[in-house]
Amino acid sequence: PNRSRSGAHRRPASIGASSSASVDLPLRKIPGDYGLPFLGPLCDRLAYFYFEGRDQFFRSRIRRYGSTVFRVNVPPGPFVAPDPRVVALLDAASFPVLFDTSLIEKRDLFTGTFMPSTELTGGFRVLPYLDPAEPNHAQLKRLLFFLLGSRRHAVVAEFRRSFGSLFEAMETEIAREGKADFSAANDRAAFDFLVRCFFGTDPAGSRLDLDGPGLINKWVLFQLGPLLKLGLPPYLEDFLLHSFRLPPALVRADYDRLTDFFRESAGPFLDEAKRFGVSREEALHNVLFATCFNAFSGMKVLFPSLIKWIGRAGARLHGRIAEEVRSAVRGTGTGEVTVRAVEAAMPLTRSVVYEALRVEPPMPLQYGRAKRDMMVASHDGRFEVRAGEVLFGYQPFATRDPRVFERAEEFVADRFVGAEGEALLRHVLWSNGPETEGPTAENKQCAGKDFVVTVARLLVVELFLRYDSFEIEVGASPLGSLVKLTSLKRATF
Ligand code: HEM
């Protein structure tokens, strides 16, 4: 009865990334050039944002050069980034070289070819900007592992509380207005959930009250602005947002409000920092960054995307997920949602979450600097990269590579169900590493990997415990999709 199983059409997933298989591939000179100084980067930037758009920008160059590895300028370029020249890696074979810390340095490359002012992060270079070779990388990452581990027990209850209220508010809004803005409500629920889950405190009623998400969104804009599209008239937007940095002083007061709140809320956690060799102040700005930038902004992009893909897949899939989720929760004996039930008894729910992370990775741009001269292999050729050159991966082109995934551009809900599906997980790369591997103090894989997968599954669980089906409307937004719910059909079984 499993009608849309794609198993029969799956292709073998064996590719010769950096393995010995690639030695047989022809050696090619990396195609592409950077054009004239200033003008080349400017033209590439306008093409990337406005004339072609991001996907088409890369697709048209793959066609032009007959190669998924080529030289190109990436935004922002002048005057924000000192050097926009990169070697682009746009297939599943070459992309994973970015995870190899023996070949690649990740220092100050979190946001790409420019780094936002450290005035925006309390004067510190926070963890995502540190290379594992820097001593505080391991200390800070262990400190975050400690935070996530010590609060594991709070995740399910706090999630259900914050997102349960979200869905109740959505129902009221739909009844009143005919539709409800999921994206905006998700911002509030995500911040509320993260603070309660990590620190056991409640932003509502504090001095921050409901201002948290607004303050964070503005602060993130000051960091990522040069990479975003807000929808202003193109030349004006390009001049205002991509050509110069927004002055950090303009967001100083907002950041101070956030630090004051974290200093108070995260007090008991900050007391532990010393044990990990981290000063209280450095721990404060790092835990703020992990919560507000990594976790909050990650959920801001991922959750609307998840609702979008499941929403578009339609009522038949909704019914199958609802059946799975409800029978698994009944199976716990108590009728309570448990992490165990979510992990062990919901294969379709797991697959749906992985598929959303594959088809639309929430953080799509990754960068690394070659530590030495080396070879990078695509499916078709080997390329020589020089020490010091920046490698750039546009992740959707790796995780939607048709030579690894059948129907690669489509959302195939049960793609990762069963043994064959499981074997494809090593090509799911959203966390800056294969889904089959985990973050360590020595690598650069997302510290919140397991947490993210859990909360994404919990969103699906909450949705389908409450509703049989739902409908949506999708629009664009600078960070992620703008998703509105137009109907929520209450559970009937
Ligand atoms: C790193 C994605 C949530 C903490 C990363 C990276 C990616 C990523 C792609 C690597 C960036 C690079 O170096 O190029 C995401 C997404 C999330 C999410 C999509 C949510 C949907 C979280 C959460 C936490 C977290 C919840 C922790 C509370 C970190 C940290 C790093 C990181 C600390 C840097 C790791 C290191 O330097 O070794 N994340 N993340 N992230 N993430 Fe996440």
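Up top is the structure these notes are about.
Anyway, here's the lowdown on the structure attached to this text. (Residues numbered from 1 in each chain as written. Predicted model: local features only at pLDDT ≥ 70, side-chain atom pairs only at ≥ 80, totals over all residues. Heavy atoms only, no water.)

**Re the environment of Arg312**
Working step 1: Mapping Arg312 onto the fold places it in helix α10 (residues 280-313).
Working step 2: In this structure the C-alpha to C-alpha distance between Arg312 and Ile472, which are 160 residues apart in sequence, comes to 7.7 Å.
Working step 3: Setting aside residues no more than four positions away along its own chain, Arg312 makes contact with Ile472 and Val474. (Helix = DSSP H or I, 4+ residues; strand = E, 2+ residues; numbered from the N terminus. Contact = heavy atoms within 4.5 Å.)

**Considering the coordination of the iron atom of the ligand**
Working step 1: No protein donor other than Cys446 (SG) coordinates the iron atom of the ligand, and that contact is at 2.3 Å.
Working step 2: Mapped onto the elements of the fold, Cys446 is located in the loop between α15 (418-423) and α16 (449-466). (Donors = N, O, S within 2.8 Å, 3.2 Å for Na, K, Ca; no water.)

**Focus: the packing of aromatic side chains**
Working step 1: Applying the stated rule across the entire model yields 41 aromatic pairs.
Working step 2: For the pair Phe58 and Phe397, a centre-to-centre distance of 6.3 Å together with 75° between the ring planes defines the contact as edge-to-face. Of the two residues, Phe58 sits in helix α2 (residues 54-65) while Phe397 sits in helix α14 (residues 395-399), which places them 339 residues apart along the sequence. Taken individually, Phe58 and Phe397 each receive the classification buried, so the pair is uniform in this respect.
Working step 3: Between Phe159 and Phe193, the aromatic rings sit 5.3 Å apart at their centres with planes inclined by 80°, giving edge-to-face as the arrangement. In this pair, Phe159 sits in helix α4 (residues 155-177) while Phe193 sits in helix α5 (residues 182-199), placing the two residues 34 residues apart along the sequence. Each member of the pair, Phe159 as well as Phe193, carries the same accessibility label: buried.
Working step 4: An aromatic cluster is built from Phe159, Phe163, Phe191, Phe193, Phe198, Phe199, Phe261, Phe262, Phe296, Phe303 and Phe451, whose rings are joined through pairwise contacts.
Working step 5: One Lys or Arg, Arg358, reaches over the ring of Phe405 and ends 4.9 Å from the middle of that ring. (Phe/Tyr/Trp six-rings, centres within 6.5 Å; stacked < 30°, edge-to-face > 60°. Buried < 20%, exposed > 50% of the residue type's maximum accessible area, 1.4 Å probe, protein only. Lys NZ or Arg CZ within 6 Å of the ring centre and 35° of its normal.)

**Considerations on α10**
Working step 1: For α10, with 34 residues, the first-to-last C-alpha span of 47 Å sits near the 50 Å given by 1.5 Å per residue.
Working step 2: The largest bend in α10 comes to about 25°, at Ala290.
Working step 3: The element α10 is largely enclosed, with a buried count of 28 among its 34 residues. (Expected span 1.5 Å × (residues − 1). Bend = angle between axes of the 7 residues up to and from the residue.)

**Some points on the sheet that holds strand β7 (residues 374-377)**
Strand pairing in a sheet relies on backbone hydrogen bonds. The paired strands run either parallel or antiparallel.
Working step 1: Strand order across the open sheet formed by three strands is β1-β8-β7, with mixed pairing between neighbours. Single-partner strands in this sheet number two, and they are β1 (27-28) and β7.
Working step 2: By the bridge criterion, two bridges tie β1 to strand β8 (residues 382-385) in an arrangement that is parallel. The residue bridging Arg28 from the neighbouring strand is Phe383, located in β8. (Pairing = 2+ DSSP bridges.)

**With respect to the site of the ligand**
Working step 1: Around the ligand there are 25 residues in total, and Lys106, His137, Lys141, Lys444 and Cys446 lie nearest to it.
Working step 2: One of the backbone N or O atoms of Leu127 is found 3.4 Å from an oxygen atom in the ligand.
Working step 3: Backbone polar atom of Asn443 to an oxygen atom of the ligand: 3.2 Å apart, as the coordinates give it.
Working step 4: At four residues, the largest contribution of residues to the shell around the ligand is made by α10.
Working step 5: Grouping the amino acids of the shell around the ligand by side-chain chemistry returns 14 nonpolar, eight polar and three charged. (Near = heavy atom within 4 Å. Polar contact = N/O pair within 3.5 Å; in protein donor to acceptor, adjacent residues only side chain to side chain. Nonpolar A, V, L, I, M, F, W, Y, C, P; charged D, E, K, R; others polar.)

**Structural notes on helix α8 (residues 252-265)**
Working step 1: Relative to the 20 Å expected for 14 residues at 1.5 Å per residue, α8 spans 20 Å between its end C-alpha atoms, a close match to the ideal helical length.
Working step 2: Buried within α8 we find Asp254, Tyr255, Leu258, Thr259, Phe261, Phe262 and Ser265. Projection of α8 onto a plane perpendicular to its axis shows the buried side chains occupying an angular sector of 160°, all on one side. Across from the buried face of α8, at angles greater than 90 degrees, the exposed residues are Ala253 and Glu264.
Working step 3: Along its buried surface, α8 packs onto α5, α6 (212-224), α9 (267-272) and α10. (Arc of directions from axis to C-beta.)

**Examining the nonpolar core**
Working step 1: Counting residues in hydrophobic clusters, the biggest one holds 117 residues, and the most contacted among them are Phe163, Phe193, Trp219 and Phe303.
Working step 2: No other element matches the 18 residues that α10 contributes to this core.
Working step 3: Leave out the neighbours within four places in its chain, and Phe193 touches Val155, Glu158, Phe159, Ser162, Phe163, Met299, Phe451 and Val455.
Working step 4: Listed in part, the 22 residues of the second largest apolar core include Ala47, Phe49, Ala88 and Leu365. (Core = buried A, V, L, I, M, F, W, Y, C linked by side-chain atoms within 4.5 Å.)

**Things to note about the pattern of salt bridges**
Working step 1: Taken as a whole, this structure holds 41 salt bridges when the rule is applied.
Working step 2: Between Arg61 and Asp44 there is a salt bridge; the shortest N-O distance is 3.6 Å. With a gap of 17 residues between them, Arg61 in helix α2 and Asp44 in helix α1 (residues 39-51) connect regions that are remote in the sequence. A single burial state applies to Arg61 and to Asp44, both of which are buried.
Working step 3: Salt bridges linked by common partners bring Asp55, Arg59, Arg400 and Glu409 together as one network. (Salt bridge = Lys/Arg side-chain N within 4 Å of Asp/Glu carboxyl O.)

Geometry only, nothing functional implied.
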